[in-house]
Amino acid sequence: MEEVRVRFAPSPTGYLHIGGARTALFNWLFARKHNGKLVLRIEDTDTERLKADSVSQILVSLKWLGLNWDEGPEVGGPNGPYFQSQRLEIYKKYVDQLLQEGKAYYCFCTPAELEAQREKQRQAKQPFRYARTCRDLPKEEVEKRLAAGAPHSIRIKIPVDGTMTVHDLIHGDVEFDLTQFDDFVIVKSNGIPTYNFAVVIDDYMMQITHVLRAEEHLSNTPKQILIYEALGFKVPKFGHMPMILAPDRSKLSKRHGATSVEEFRSQGYLAPAIVNYLTLLGWAPDAEQEIIDLPATVKEFELEKMSKKAAIYDTKKLTWLNGHYLNNLPLADIVKEAEPFFVDSGLVTDAWIKEHQEFFNHLIDVVRVRVKTLKEVVDASTYFFKDFTEYDAKGVAKQFKEGSAELLQYCREQLAALPEFTLASTEKCYNDIATAKGLGLGKVIQPSRLALTGRTVSPGMFDVMTLLGREKTLARLDAAIKYIKDHQ
């Protein structure tokens with residue numbers, strides 16, 4: 001049995017889109033399931049749309065997601081170069097072969113002439129298809145124009161009629177009417193091969209056995225098969241994954257929020273949560289489960305389990321998944337991911353974290369329980385580092401009522417008298433206060449929470465106290481008591 005070889009071939013025109021990340025993920029899963037190879041290839045021939053830092057950002061995002069590749073940039077391999085811009089001489093060899101065999105031809109039609117054809121067909125309410133004007137030009141005429149330096153592209157000859165049936169691993173047999181295609185361009189007038197041509201050469205030379213990509217590429221497949229056949233290449237198997245649509249079933253765009261892996265990362269989402277979410281976009285495990293990691297997915301992964309229907313992009317579900325991973329991943333992993341968010345916020349420095357690692361770890365551990373993203377971890381931690389000047393308005397109305405100052409004063413006195421200021425001692429202290437005052441524990445904790453954090457929601461109150469320390473805890477109780485008295 002031949003080795004399974006798949007590829008992910010992004011165009012470096014921006015950050016790694018969520019759709020591209022899903023394509024990379026499913027190719028990675030398929031390769032790992034079948035003990036095959038994943039090839040990473042950079043399709044960088046569209047010079048007008050290239051962005052300088054895109055390649056490095058794509059590589060960083062893939063590595064952050066845990067999607068390693070077996071051949072490609074930074075890894076190397078026997079089938080390089082892995083950048084299309086470095087393969088132009090390779091493409092030329094196969095273009096020349098098609099020209100010599102009469103399977104491709106030079107097209108000298110000018111943009112104005114092509115536009116005239118397009119307008120004529122538009123008036124007749126027909127889709128544009130090239131009129132094959134240059135398909136049968138005499139050899140002498142072609143040579144004359146080439147010698148004169150006439151601008152030209154190169155087109156492939158395809159059958160003028162008939163049908164083609166493409167067997168898709170996900171959608172089954174899909175039939176295409178070849179009269180709906182024209183002799184499409186395989187080399188542009190600037191000498192750069194078109195996508196449909198270059199990708200065939202690359203996939204053949206990189207020994208790709210399965211082309212797994214987004215559904216929008218399905219219409220390209222018959223064109224690519226025609227090139228495979230013209231060159232005498234073995235045709236790989238194709239599988240086209242369902243589209244990802246916005247909640248309103250429109251095409252996913254910036255107006256629907258973050259759409260790149262880097263954007264989600266910068267907003268405080270975790271790689272395992274994003275991978276888990278992408279896994280469920282168009283595929284589902286046998287058991288009805290929402291939480292599934294990469295090793296478990298590899299065991300279960302089969303293309304036959306992929307849906308033919310479009311997947312709906314739902315950031316609410318992603319955020320819920322992120323909250324789960326934030327709360328359940330090993331603390332060391334969360335601390336490592338959280339550190340740059342704290343430093344970028346200006347709350348701390350790298351040096352401070354190293355000096356106070358135990359405190360910082362404890363802080364992250366208690367805060368992560370109630371939030372969904374790393375950004376929210378930072379926001380929920382600010383009062384540990386900065387004094388606040390305002391209290392939550394609704395909290396004030398509910399908790400800073402008549403008698404609250406006296407209760408907080410009593411709490412202050414009991415906390416100040418503790419021999420040790422620990423999680424256990426502060427908890428016992430507050431239970432004793434509740435008993436002494438004949439109050440439920442919550443009636444004591446809630447005004448204290450507002451006094452110490454300025455908020456009505458926080459981690460456990462005794463964690464908050466021990467993280468703040470005795471001195472800061474007492475100072476904030478004093479400030480709250482003064483505030484209540486000043487506003488009564």
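**Student:** Help me understand the packing of aromatic side chains, please; the structure alone is not making it clear to me.
**Tutor:** Working definition: an aromatic ring pair is given by the centre-to-centre distance plus the angle between the planes. Under the definition given, this model contains 18 aromatic pairs. Geometrically, the ring pair formed by Tyr204 and Phe233 is stacked, given 3.6 Å between the ring centres and 5° between the ring planes. Placement of Tyr204 in helix 6 (residues 195-205) and of Phe233 in the loop between helix 7 (221-231) and strand 9 (237-241) is noted, with a sequence separation of 29 residues between them. Using a relative accessible area of 37% as the deciding quantity, one classes Tyr204 as partly exposed. Judged by its relative accessible area of 9%, Phe233 is buried. With a centroid separation of 4.6 Å and 40° between ring planes, the pair formed by Tyr383 and Phe384 is classed as tilted. The residues Tyr383 and Phe384 share a single accessibility class, namely buried. Seen from the ring of Tyr130, Arg155 lies directly overhead, with NZ or CZ sitting 3.7 Å from the centre. Of note, Lys437 hangs over the ring of Tyr410, and the distance from its end group to the ring centre comes to 4.3 Å.

**Student:** Help me understand the pattern of salt bridges, please; the structure alone is not making it clear to me.
**Tutor:** Opposite charge on two side chains makes pairing possible when the charged atoms of those side chains draw close. Tallied over the full model, the rule gives 30 salt bridges. Among the ionic pairs, Arg41 bridges to Asp203, the shortest N-O distance being 2.9 Å. Of this pair, Arg41 sits in the loop between strand 2 (37-40) and helix 2 (54-65) while Asp203 sits in helix 6, placing them 162 residues apart in sequence. With a relative accessible area of 0%, Arg41 lands in the buried category. Asp387 is the salt-bridge partner of Arg476, the closest N and O atoms lying 3.0 Å from each other. Taken together, the positions of Arg476 in helix 21 (residues 461-486) and Asp387 in the loop between helix 16 (382-385) and helix 17 (393-399) put the pair 89 residues apart, joining distant regions of the chain. Each of the salt bridges in this network shares a partner with another, and the network as a whole consists of Arg7, Arg41, Glu43, Arg87, Asp202 and Asp203.

**Student:** Quick question: what am I supposed to make of the side chain of Asn276 here?
**Tutor:** Along the polypeptide, Asn276 turns up in helix 9 (residues 271-279). Within the local environment of Asn276, its side chain forms a polar contact with the backbone nitrogen of Ile292, the two atoms lying 3.0 Å apart. Excluding anything up to four places from it in sequence, Asn276 contacts Glu290, Ile291, Ile292, Leu321 and Tyr325.

**Student:** I'm lost on the pairing of strand 4 (residues 153-156) in this one. Help?
**Tutor:** For a regular strand, the rule is simple: side chains alternate between the two faces of the sheet. Residues Ser153 and Arg155 of strand 4 are buried on one face, and the alternating residues Ile154 and Ile156, pointing to the opposite face, are buried as well. Bridging between strand 3 (residues 104-107) and strand 4 involves four bridges; their strand directions are antiparallel. Bridged to Cys107 within strand 4 is Ser153. Two strands pair when backbone bridges link them, and strand 4 and strand 7 (residues 185-187) are joined in this way by two bridges, in the antiparallel orientation. If you follow Ile154 over to strand 7, its bridge partner there is Val187.

**Student:** Would you mind going over the nonpolar core with me for this structure?
**Tutor:** As a rule of thumb, nonpolar side chains are buried together in soluble globular proteins. Grouped together as the largest cluster of nonpolar side chains are 54 residues, with contacts concentrated most on Phe342, Phe400, Leu415 and Tyr430. It is helix 21 that contributes the most residues to this core, eleven residues altogether. In this structure, Ile18, Leu25, Leu65 and Ile170 belong to the second largest nonpolar core, which totals 50 residues.

**Student:** Would you take a moment to explain the environment of Ile353 for this structure?
**Tutor:** Position of Ile353 relative to the elements: it lies in helix 13 (residues 350-355). Using a relative accessible area of 2% as the deciding quantity, one classes Ile353 as buried. On a C-alpha basis, the gap between Ile353 and Glu339 in space is 7.9 Å, while along the polypeptide they are 14 residues apart.

**Student:** Can you help me understand helix 6 in this one?
**Tutor:** Turn by turn, an α-helix covers 3.6 residues, leaving residues three or four places apart pointing in a common direction. A large share of helix 6 lies buried, amounting to eight of its eleven residues. Among all positions in helix 6, only Asn196, Phe197, Ala198, Val199, Val200, Ile201, Asp202 and Asp203 are buried. Gln207, located one to two residues past helix 6, shows a positive phi value of around 60°.

**Student:** For this particular structure, what's the right way to read the sheet that holds strand 7?
**Tutor:** What holds strands together in a sheet is hydrogen bonding between their backbones, with the strands either parallel or antiparallel. In spatial order, the strands read 3-4-7; together these three strands make up an open sheet with antiparallel pairing. Two strands lie at the open edges of the sheet, namely strand 3 and strand 7, each paired on one side alone. Taking each pair of neighbouring strands and ignoring which way they run, the sheet shows an average axis angle of 45°. Each of strand 3, strand 4 and strand 7 touches helix 3 (residues 88-100); the most contacted strand, strand 3, lies at about 95° to it.

**Student:** Would you mind showing me how to read unusual backbone geometry here?
**Tutor:** Note: most peptide bonds trans; most residues except glycine with negative phi. Note the cis peptide between Gly80 and Pro81, where omega equals 0°. By the element assignment, Pro81 lies in the loop between helix 2 and helix 3. Located in the positive-phi region is Lys125, a residue other than glycine, with phi close to 60°. Note on placement: Lys125 falls in the loop between helix 4 (111-123) and helix 5 (139-147). A relative accessible area of 78% places Lys125 in the exposed class. Unusually for a residue other than glycine, Gln207 sits at a positive phi of about 60°.

Conventions adopted
Residues numbered from 1 in each chain as written. Predicted model: local features only at pLDDT ≥ 70, side-chain atom pairs only at ≥ 80, totals over all residues. Heavy atoms only, no water. Phe/Tyr/Trp six-rings, centres within 6.5 Å; stacked < 30°, edge-to-face > 60°. Helix = DSSP H or I, 4+ residues; strand = E, 2+ residues; numbered from the N terminus. Buried < 20%, exposed > 50% of the residue type's maximum accessible area, 1.4 Å probe, protein only. Lys NZ or Arg CZ within 6 Å of the ring centre and 35° of its normal. Salt bridge = Lys/Arg side-chain N within 4 Å of Asp/Glu carboxyl O. Polar contact = N/O pair within 3.5 Å; in protein donor to acceptor, adjacent residues only side chain to side chain. Contact = heavy atoms within 4.5 Å. Pairing = 2+ DSSP bridges. Core = buried A, V, L, I, M, F, W, Y, C linked by side-chain atoms within 4.5 Å. Axes fitted to C-alpha atoms, helices over the stretch in contact; angles between N-to-C directions.

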